[in-house]
Amino acid sequence: MTSSPTFVSARNKSYVSISRQGSLVLSDSWDSRFTGQILVGNPSRDFPIGLVDFGILHGEEPEVSGPPSQKKGAGTIYIHGCLLKCTTCYQPEFFAQRAEIYTDPQSVAKLLLEFQHSGVHSINFVVSSYNPWVLKAIKLSRAMGLSIPVVYKFSGAMSVFEAKNLISHVQLFSADFKGITEGGLAAHGLNREYETRTSEVLRYLLKNDQTVMIRYLIVPTLTKHWREVDEIIRSLQLYRYKKSKLSILTQYWNPSTRTIVGAPLSEIEEIRAICKFYDVATLYQKDGIYVG
Ligand code: SF4
């Protein structure tokens, strides 16, 4: 951490390096061509936004990183801090006492324009919940000429009031829905309050014609994932909202054992059958890429 404002570059380190286990390949990887910089200082009212990292990320859903053949990637900013404490958390950096970098909305806005200039498909904020400073940066960047879509990727924990502030400024809400049954919630160490809040905000976004991608992560401790997916689809009536998709994350990165665990094909097929039954658009990670 620097003592006075200075610039840091995108570090282009691997967030989770590409690894193999059988036929499974973690799909996301940083792009080394991005040379964007951001102004940083000590945490204060002048530098209120804590970042974990930033750079161009490849291998997310095509809605985020663009079609794989175009290799555009997403200009991604990881915002420090998380309201949840999932026992399955694969991103412990979000809980570090301090962020790696502190910056201000103006600098984030400029960074978004650097991303755009480098040809990315979208801007991808990875952020636990509502963050007013992020919203301010989006507004500033639009005034400065940002024209590409903004993706707000959040944990699901957000109030309707907060979501209301975002809807005219975000083009895709990408929300985790970690569990809905008692077993599903317990697999992540989450409680019913999480599910109630997530359901409420997702219903609000869907009913207000927002484009929503619901991300469901398969974790090794839970079996019968299809029941969770079935419950999520029915509870949100996802089949009614044709602009929205379900994204099934079939590979789980365990940071403590540093291994990748993949869902058995049989479970993926069960989920595929449920989604087909309800006619819900679904994406799956397969061999490191997303397939419909
Ligand atoms: S929401 Fe994401 S970052 Fe937060 S605890 Fe859960 S897995 Fe970790």
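Please read all numbers here as calculations on a predicted model, not as lab measurements. (Residues numbered from 1 in each chain as written. Predicted model: local features only at pLDDT ≥ 70, side-chain atom pairs only at ≥ 80, totals over all residues.)

Moving on: the packing of helix 7 (residues 225–236) against helix 8 (residues 265–278). Where helix 7 contacts helix 8, the axes come no closer than 8 Å and their chain directions differ by 20°. The orientation of helix 7 relative to helix 8 falls into the category roughly parallel. When the axes of helix 7 and helix 8 are compared, the crossing they make is right-handed. Here H225, W226, V229, D230 and I233 of helix 7 come into contact with helix 8, specifically with E267, E270, I271, I274 and Y278. (Axes fitted to C-alpha atoms, helices over the stretch in contact; angles between N-to-C directions. Helix = DSSP H or I, 4+ residues; strand = E, 2+ residues; numbered from the N terminus. Parallel < 35°, antiparallel > 145°, perpendicular 65-115°, else oblique. Left-handed = near helix turned anticlockwise from the far one by under 90°. Contact = placed C-beta atoms within 7 Å.)

Attention now goes to unusual backbone geometry. Despite not being glycine, D209 has its phi angle at roughly 60°, a positive value. On the secondary structure map, D209 appears in the loop between helix 6 (192–207) and strand 12 (212–217). Positive phi is not limited to glycine here, since K224 has a value of about 60°. Tracing the backbone through its elements, the reader meets K224 in the loop between strand 12 and helix 7.

Turning next to the pairing of strand 10 (residues 150–154). Among the five residues that make up strand 10, five are buried, leaving the element largely enclosed by the rest of the structure. Because side chains alternate across strand 10, one face comprises the buried residues V150, Y152 and F154, and the other comprises V151 and K153, equally buried. The sheet contact formed by strand 9 (residues 122–126) and strand 10 spans four bridges and is parallel. When the bridges of strand 10 are listed, I123 appears paired with V150. In the classification by handedness, the crossover that spans strand 9, the intervening helix 3 (residues 132–143) and the parallel strand 10 is right-handed. The parallel pair strand 10 and strand 11 (residues 172–176), bridged by helix 4 (residues 160–166), forms a crossover whose chirality is right-handed. (Buried ≥ 20, exposed ≤ 12 C-beta atoms within 10 Å, placed from the backbone. Pairing = 2+ DSSP bridges. Right-handed = clockwise from strand over helix to strand, strands pointing away.)

Here V120 shows up in the loop between helix 2 (105–117) and strand 9. Separated by 28 residues in the primary sequence, V120 and I148 have C-alpha atoms spaced 8.3 Å apart. When neighbours within four sequence positions are excluded, V120 is seen to be in contact with I56, K72, G73, A74, G75, F115 and I148.

Within an α-helix, residues lying three or four positions from one another point in the same direction, as the helix has 3.6 residues per turn. With twelve residues, helix 7 ought to run about 16 Å at 1.5 Å a step, and its terminal C-alpha atoms sit 17 Å apart, in line with that. Among all positions of helix 7, only H225, E228, V229, I232, I233 and L236 are buried. Take helix 7 and look down its axis: the buried residues cluster within an arc of 130°, on one side only. Packed against the buried residues of helix 7 are helix 5 (182–188), helix 6, strand 12 and helix 8. Within two residues after helix 7, Q237 carries a phi angle of roughly 50°, on the positive side. (Expected span 1.5 Å × (residues − 1). Arc of directions from axis to C-beta.)

One way to put it is that helix 2 packs onto helix 3 with a least axis distance of 8 Å and a crossing angle of 50°. Judged by the angle between their axes, helix 2 and helix 3 are oblique. By crossing handedness, the relation of helix 2 to helix 3 is classed as right-handed. Side by side, helix 2 and helix 3 meet where P105, Q106, V108, A109, L112 and L113 of the first sit next to W133, K136, A137, L140 and S141 of the second. Across the contact of helix 2 with helix 3, the residue classes tally to eight nonpolar, two polar and one charged. (Nonpolar A, V, L, I, M, F, W, Y, C, P; charged D, E, K, R; others polar.)

The residue C89 is located in the loop between strand 7 (74–79) and strand 8 (101–103) in this model. Each C-alpha atom, one on C89 and one on S256, is 9.8 Å from the other, the two residues being 167 residues apart in sequence.

Okay, the pairing of strand 6 (residues 49–58) next. Burial of strand 6 is extensive: eight of the ten residues sit out of reach of the surface. In this structure, strand 6 lies alongside strand 8, joined through three bridges in antiparallel fashion. Among the inter-strand pairings, I49 is bridged to a residue of strand 8, identified as T103. Note: strand 6 against strand 7, six bridges, orientation antiparallel. Within strand 7, the residue paired with I56 across the bridge is G75.

A word on helix 2. Taking 1.5 Å per residue as the helical rise, helix 2 with its 13 residues ought to reach 18 Å, and the 18 Å between its terminal C-alpha atoms agrees with that figure. Along helix 2, the residues that are buried comprise P105, S107, V108, K110, L111, L112 and F115. Immediately downstream of helix 2, the backbone of G119 shows phi near 90°, a positive value.

Of the residues in the protein, 90% have a pLDDT of 70 or more, and the chain-wide mean is 87. Per-element mean pLDDT across the protein ranges from 36 in strand 2 (residues 20–21) up to 98 in helix 3. Throughout residues 12–27 the model reports pLDDT below 50, and contacts reaching past four residues in sequence, or to other chains, amount to 35 contacts. (pLDDT = per-residue confidence, 0-100.)

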